[in-house]
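# Structural description and commentary
Here is what each chain is made of, one letter per residue.
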Amino acid sequence: MIRTRFAPSPTGFMHLGGLRTALYAYIFAKKNGGRFILRIEDTDQERYVEGATKVIYDTLRGCGLDWDEGPDIGGDFGPYIQSERKSLYLPYAKQLIESGDAYYCFCTKDEVDERRKAAEERGEVFKYDKHCLSLTKEEIQAKLDAGVPYVIRHNAPTTGETTYHDLVYGDITTPNDILDDMVLIKQDGMPTYNFANVVDDHLMQISHVIRGTEYLSSTPKYNLLYKALGWDIPEYIHLPPVMRDQHHKLSKRDGDAYFSDFVSRGYLPEALINYLALLGWNPGDEREFFTLSELQDAFSVKGINNAPAIFDIGKLTWFNFEYIRRLPFDKYLEMATPWFEKALGKGRFDLKRLAELMQIRTEVFDRIPDMVRFLAEMPEFPDELYVNKKMKTNPEVALENLQLIKPVLEGISDWTETTIHDTIMPVIAEAGKKNGAVLWPMRIAISGKENTPGGAFEIAYLIGKDETMRRTDAAIARLVSKQ
RNA sequence: GGCCCCGUGGUCAAGCGGUUAAGACAUCGCCCUUUCACGGCGGUAACUCGGGUCCGAAUCCCGACGGGGUCACCA
């Protein structure tokens, strides 16, 4: 049975790198008919952030990454919150002490820190010197009885080397002499991440550990623990980091790395998931669009890349654009309406028609207001906008043609796109002019923008006859005054 | 600094000893078009460097350089 887990710590928000890890763990499990487990790693009491767990739930569910076992839904291997498992760890630590693979350490944190600092100043790599390993049984018991605070440390080997296999990185070999005697049980009785992780992954029968490469070099230490405890070592799938640029990891610090930020700006979770899936993995063929279930079918560990990948918001935006285009119209209208209203207020425009024009032009929802604001408020614009080489227009031509259509526009009583179109086009033809020579200036005159979501007729319809005449008159007046 | 990992266009990325070194995003140009967009066509742009091995290397080996990670009673 394939079992994977996503084990975030509730210390902040869900950032995109973490989401990608969760995604891979989810699709790998599902692809293989396995189970996806959610475990909250909150052994660091000081970093606990209220509400962070909910963010994790919301993000995962919002992306369709439903877990089969977890804190809120239970499962056969609970509890799924590490702090609630506190009492489980100590017996295993004691077992390691019995076998000589761990020992009590009474050195205080300050002492050790001081020695570490001194070593660093000498340019040396600090390793705990196993000082407390030499304590006799009696000495240990005496300190324990006296209530001297202690931690339990791993007794790591100092010679030889350790090799393990990673499904994406291959064999990783590390010399043992660099291994430090890491703390397994902290002074507060809580296990460290290092220890809790090993115990929990084993107890929860995790078959494949999927996580970031930051754990690549500490994995040998975990493997030593598995062996000392007599447990099977799980398969490892380490994932390269998602980078902001060549030098920096995409991190919580960047602020824009949060899933929730992208969603509130108008990125669709589906687009985010699709993009993230392809960041560091490829299906082996030319496909680019994947739903979650298609991802499950196509996924293969072989397709995971082992080099860091730089997060490219441009490509994400393209995916988002494509997903927005594919949205059912009603859904688009519903989602776009708040953004329309932000710039246009309520009830002044035919939002349905606007949405039809906007759907294929929306890259991200938060760009909508700037694109449509001109409908409510005529922007200032330079006369240069009347210049269009291909349409052969300039301010002079614009004035002439605006004057040509103004009375025609005035005479239209049934203000619909069709009527406006059918009334204006013959006039242009009769005057022997090119369509663009008339329609370009008209669009500029009533929109004041080089780019608009639709042509002259659509805009004229949207802003209504009165506003169209007002803007046309103003444009003519201005052009006249400059002659 | 020690140890580990990585190195194909601006970005993602195919490639597994012989290819005109794919494709996508971005970018540029052209066509279509009442604008933009969409669509169509085309262009610019890459194997970090140096040694090997081999008839032949982006592909294998070594080294250099560059980048990342890690060295906590954080996870």
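Keep in mind the model is a prediction, meaning the values are calculated, not measured.

## Observations regarding the overall build of chain A
The secondary structure content of chain A amounts to 18 helices and 11 strands. Against the compact-globule benchmark of 23 Å for 483 residues, chain A has a radius of gyration of 33 Å, which places it well outside the compact range. In terms of principal-axis extent, the alpha carbons of chain A reach across some 110 × 50 × 40 Å. In chain A, buried positions account for 51% of the 483 residues. Considering only contacts within chain A whose residues lie at least 6 apart along the sequence, 75% involve residues at least 24 apart. Roughly 23,000 Å² of accessible area belongs to chain A as shown, and the carbon and sulfur atoms make up 50% of that amount. In chain A, which carries 59 positive and 73 negative side-chain charges, the distance between the mean positions of the two groups comes to 3 Å.

## Structural notes on the layout of surface pockets
Within this model, the second largest pocket holds a volume of roughly 260 Å³. Lining the second largest pocket, in full, are Lys 94, Ile 97, Glu 98, Tyr 103, Tyr 104, Leu 135, Lys 137, Ile 140, Gln 141 and Leu 144. Among the elements that take part in the lining of the second largest pocket, helix 5 (residues 137–145) stands out by supplying 4 residues, more than any other. Across the lining of the second largest pocket, the residue classes break down as 6 nonpolar, 1 polar and 3 charged.

## Observations regarding the nonpolar core
Soluble globular proteins: nonpolar side chains tend toward being buried together. Within the largest apolar cluster, 107 residues are counted, with the highest numbers of intra-cluster contacts made by Leu 23, Leu 60, Phe 311, Tyr 332, Phe 340, Leu 375 and Met 442. The contacts of Phe 311, once residues within four sequence positions are left out, are Leu 16, Val 242, Met 243, Arg 244, Leu 250, Phe 262, Tyr 275, Leu 276, Leu 279 and Leu 316. Residues Tyr 80, Cys 105, Cys 107 and Tyr 128 belong to the second largest nonpolar core, which totals 40 residues.

## Overview of the protein's contact with RNA strand B
Taken together, 63 residues lie near RNA strand B, and Lys 186, Asn 282, Glu 288, Arg 361 and Lys 390 sit nearest. For RNA strand B, the fraction of atoms within 4 Å of the protein that belong to sugar or phosphate moieties is 71%. For RNA strand B, a sugar or linking oxygen lies 2.4 Å from a polar atom in the side chain of Glu 288. Of all elements in the fold, only helix 4 (109–121), strand 4 (151–154), strand 6 (170–175), helix 6 (193–203), strand 11 (309–310), helix 11 (313–326), helix 17 (435–447) and helix 18 (456–481) reach the threshold of two or more residues within the surface near RNA strand B.

## Structural notes on the pairing of strand 5 (residues 161–166)
Burial along strand 5 is one-sided: the residues Thr 162, Tyr 164 and Asp 166 are buried and none of Glu 161, Thr 163 and His 165 is. Summarising the sheet, strand 5 and strand 6 pair through 6 bridges and their orientation is antiparallel. Of the residues in strand 6, the one forming a bridge with Glu 161 is Pro 175.

## Points about the domain arrangement of chain A
Looking at chain A, the domain boundaries give domain 1 (3–80 + 243–313), domain 2 (83–239), domain 3 (329–375) and domain 4 (383–481). Each of domain 2 and domain 4 has a C-alpha centre, and the two are 76 Å apart.

## Concerning the packing of aromatic side chains
Two aromatic rings are characterised by how far apart their centres lie and by the angle between their planes. Applying the stated rule across the entire model yields 22 aromatic pairs. Pairing Tyr 104 with Tyr 150 gives two aromatic rings, centres 5.0 Å apart and planes at 80 degrees, and the pair type is edge-to-face. Of this pair, Tyr 104 sits in strand 3 (residues 102–105) while Tyr 150 sits in the loop between helix 5 and strand 4, and the two are 46 residues apart along the sequence. Since its relative accessible area comes to 13%, Tyr 104 is described here as buried. On the basis of relative accessibility, which here comes to 25%, the residue Tyr 150 falls in the partly exposed class. Members of the aromatic cluster, joined through ring pairs, are Phe 262, Tyr 267, Tyr 275, Phe 289, Phe 311, Trp 318, Phe 319 and Tyr 323. The cationic tip of Arg 153 hangs over the ring face of Tyr 128; the distance from NZ or CZ to the ring centre is 3.9 Å.

Conventions adopted
Residues numbered from 1 in each chain as written. Chains lettered and ligands numbered in written order. Predicted model: local features only at pLDDT ≥ 70, side-chain atom pairs only at ≥ 80, totals over all residues. Heavy atoms only, no water. Helix = DSSP H or I, 4+ residues; strand = E, 2+ residues; numbered from the N terminus. Rg over C-alpha atoms; globule rule 2.2 N^0.38 Å. Buried < 20%, exposed > 50% of the residue type's maximum accessible area, 1.4 Å probe, protein only. Contact = heavy atoms within 4.5 Å. Areas by Shrake-Rupley, 256 points an atom, 1.4 Å probe, with all protein chains shown as cover. Lys, Arg positive; Asp, Glu negative; His and termini not counted. Charge placed at Lys NZ, Arg CZ, Asp CG, Glu CD. 1 Å grid on protein atoms, 1.4 Å probe; cavity = no way out; pocket = protein on both sides within 12 Å on 5 of 7 lines; lining within 4 Å. Points joined across faces, edges and corners; volume = space filled by probe spheres on them. Nonpolar A, V, L, I, M, F, W, Y, C, P; charged D, E, K, R; others polar. Core = buried A, V, L, I, M, F, W, Y, C linked by side-chain atoms within 4.5 Å. Near = heavy atom within 4 Å. Polar contact = N/O pair within 3.5 Å; in protein donor to acceptor, adjacent residues only side chain to side chain. Pairing = 2+ DSSP bridges. Domains from an automatic or database assignment. Phe/Tyr/Trp six-rings, centres within 6.5 Å; stacked < 30°, edge-to-face > 60°. Lys NZ or Arg CZ within 6 Å of the ring centre and 35° of its normal.

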